[in-house]
Amino acid sequence: MSPEQSSRIERVAGRAVPLPFDDIDTDRIIPARYLRCVTFEGLGEHVFEDDRAQDPAHPFNQERYRGATVLIVGRNFGCGSSREHAPEALHRWGIRAIVGHSFAEIFAGNCVSMGIPCLWIDEREVADLARRVQADPSLVVEVDVKAQTATAGGRSIAGTLPPSARERLLSGSWDSLGELLAAKDQILALLKKIQYMNA
């Protein structure tokens, strides 16, 4: 299997954590004091740190949602700064797909660059899905990138992904590092042809 094939993301399935609120910005996802880090290692343990400190009942504090891989959010999730630390922190906590009413454009782009699909669904569907997960945290939510749906408990919810994001996820081209490594031989051959590289 080629690197591109192995990087293809067609679906993500797992338990979910509901956070169906609007306008959650990147500073709330990962506080600014963690932007000084040299690597992204360890960011997962600090995701929503200030919100969690203020609210002991925050979903990311609840053991019943530990190990969830799908995040359910409201409107305009990831607004604020363009920091890639926000999706990195979510990814390192364990999130592999996000379902919500809408997303900040740069945040959604950063997610795709990490292989995290962001599926847009109707806000009434967000509220219903969040309620069902709250009632049964063992409920598995499957995000199908190709079909652009979120399915839970046998019920399928139609959604949308931006065409370019969907194409990158399905083709595996979201993984720029993987593409670079796959082209190693061609890159080395080209370097041999560049005179100043061989002086």
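This report concerns the structure included in the present document. A quick note: this is a predicted structure, and the numbers were derived from the prediction, not measured. Here the residue numbering is sequential within each chain, running from 1 through the sequence in written order. Local features in a predicted model are, by the rule used here, given only for residues with pLDDT of at least 70; side-chain atom pairs are given and counted only at 80 or more, and totals for whole chains, interfaces and linings are based on all residues. Each side-chain value is derived from all of the structure's non-hydrogen atoms; neither hydrogens nor water enter the calculation.

### Overview of the nonpolar core
The criterion, for reference: Throughout, nonpolar core names a set of buried Ala, Val, Leu, Ile, Met, Phe, Trp, Tyr and Cys residues whose side chains join them through atoms within 4.5 Å. Three labels apply to residues, based on accessible area from a 1.4 Å probe with only protein chains included: buried if under 20% of the type maximum, exposed if over 50%, partly exposed otherwise in between. Contacts are assigned to residue pairs with any non-hydrogen atoms lying within 4.5 Å of each other.
Residues Leu71, Phe77, Leu90, Ile98 and Phe107 are the most contacted members of the largest nonpolar core, which totals 56 residues. Residues within four places of Leu71 in sequence aside, it is in contact with Val17, Leu19, Phe60, Phe77, Leu90, Ile95, Ala97, Ile98 and Val99.

### Overview of the packing of aromatic side chains
Definition in use: Paired rings are identified among Phe, Tyr and Trp, the last through its six-membered ring, by centres lying within 6.5 Å, and are further divided according to the angle between planes into stacked (under 30 degrees), edge-to-face (over 60) and tilted (the rest). Helix and strand assignments come from DSSP, with helices taken as H or I runs of at least 4 residues and strands as E runs of at least 2, each series counted from the N terminus.
On inspection of all chains with the given rule, the structure shows 4 aromatic pairs. Relative to Phe107, the ring of Phe77 has its centre 5.3 Å away and its plane inclined at 85 degrees; by these criteria the two rings are edge-to-face. Here Phe107 lies in helix 5 (residues 105-112) and Phe77 lies in the loop between strand 2 (70-73) and helix 4 (85-93), a separation of 30 residues in the sequence. Both residues of the pair, Phe77 and Phe107, belong to the buried class.

### A short note on the sheet that holds strand 7 (residues 155-158)
Backbone-to-backbone hydrogen bonds join strands into a sheet, with any given pair of strands oriented parallel or antiparallel. Stated formally: For two strands to be treated as a pair, DSSP must find no fewer than two bridges joining them. Axis angles are defined between N-to-C directions and span 0 to 180 degrees, where every axis is a line fitted to C-alpha atoms and, for a helix, only to the segment in contact.
Reading across the sheet, the 7 strands line up as 4-3-2-1-5-6-7 and stay open at both edges, with mixed pairing between neighbours. Of all strands in the sheet, those bounded by a partner on one side alone are strand 4 (118-120) and strand 7. Each strand of the sheet is rotated relative to its neighbour by a mean of 30 degrees, with strand direction disregarded. Of the strand pairs in this sheet, strand 6 (residues 149-152) and strand 7 are connected by 4 bridges, and their pairing is antiparallel. Within the sheet, the bridge partner assigned to Ala152 lies in strand 7 and is Arg155.

### Quick notes on the environment of Asp51
Structurally, Asp51 is set in helix 3 (residues 49-54). Looking at Asp51, the relative accessible area reads 14%, which means it is buried. Excluding residues that lie within four positions of it along the chain, Asp51 makes contacts with Arg28 and His58.

### Description of the side chain of Asp144
Quick reminder of the rule: By the criterion applied in these results, polar contacts are pairs of N or O atoms within 3.5 Å in which, for protein atoms, one can donate a hydrogen and the other can accept it, and in which residues neighboring in sequence qualify only through two side-chain atoms.
Relative to the assigned elements, Asp144 resides in strand 5 (residues 140-144). From its side chain, Asp144 meets the backbone nitrogen of Ala147 in a polar contact 2.8 Å long. Filtering out sequence-adjacent residues up to four positions away, Asp144 remains in contact with Glu10, Arg11 and Thr149.

### What to know about the pairing of strand 3 (residues 97-100)
Test applied: By convention, orient the strands away from the viewer: a clockwise path from the first strand over the helix to the second makes the crossover right-handed.
Burial along strand 3 is two-sided: Ala97 and Val99 facing one way and Ile98 and Gly100 facing the other are all buried. With respect to chirality, the unit in which strand 2 leads through helix 4 into the neighbouring parallel strand 3 is right-handed. Pairing geometry for strand 3 and strand 4, over 3 bridges, is parallel. Its bridge partner lying in strand 4, Gly100 is registered against Trp120. Between the parallel elements strand 3 and strand 4, the chain passes through helix 5 in a crossover that is right-handed.

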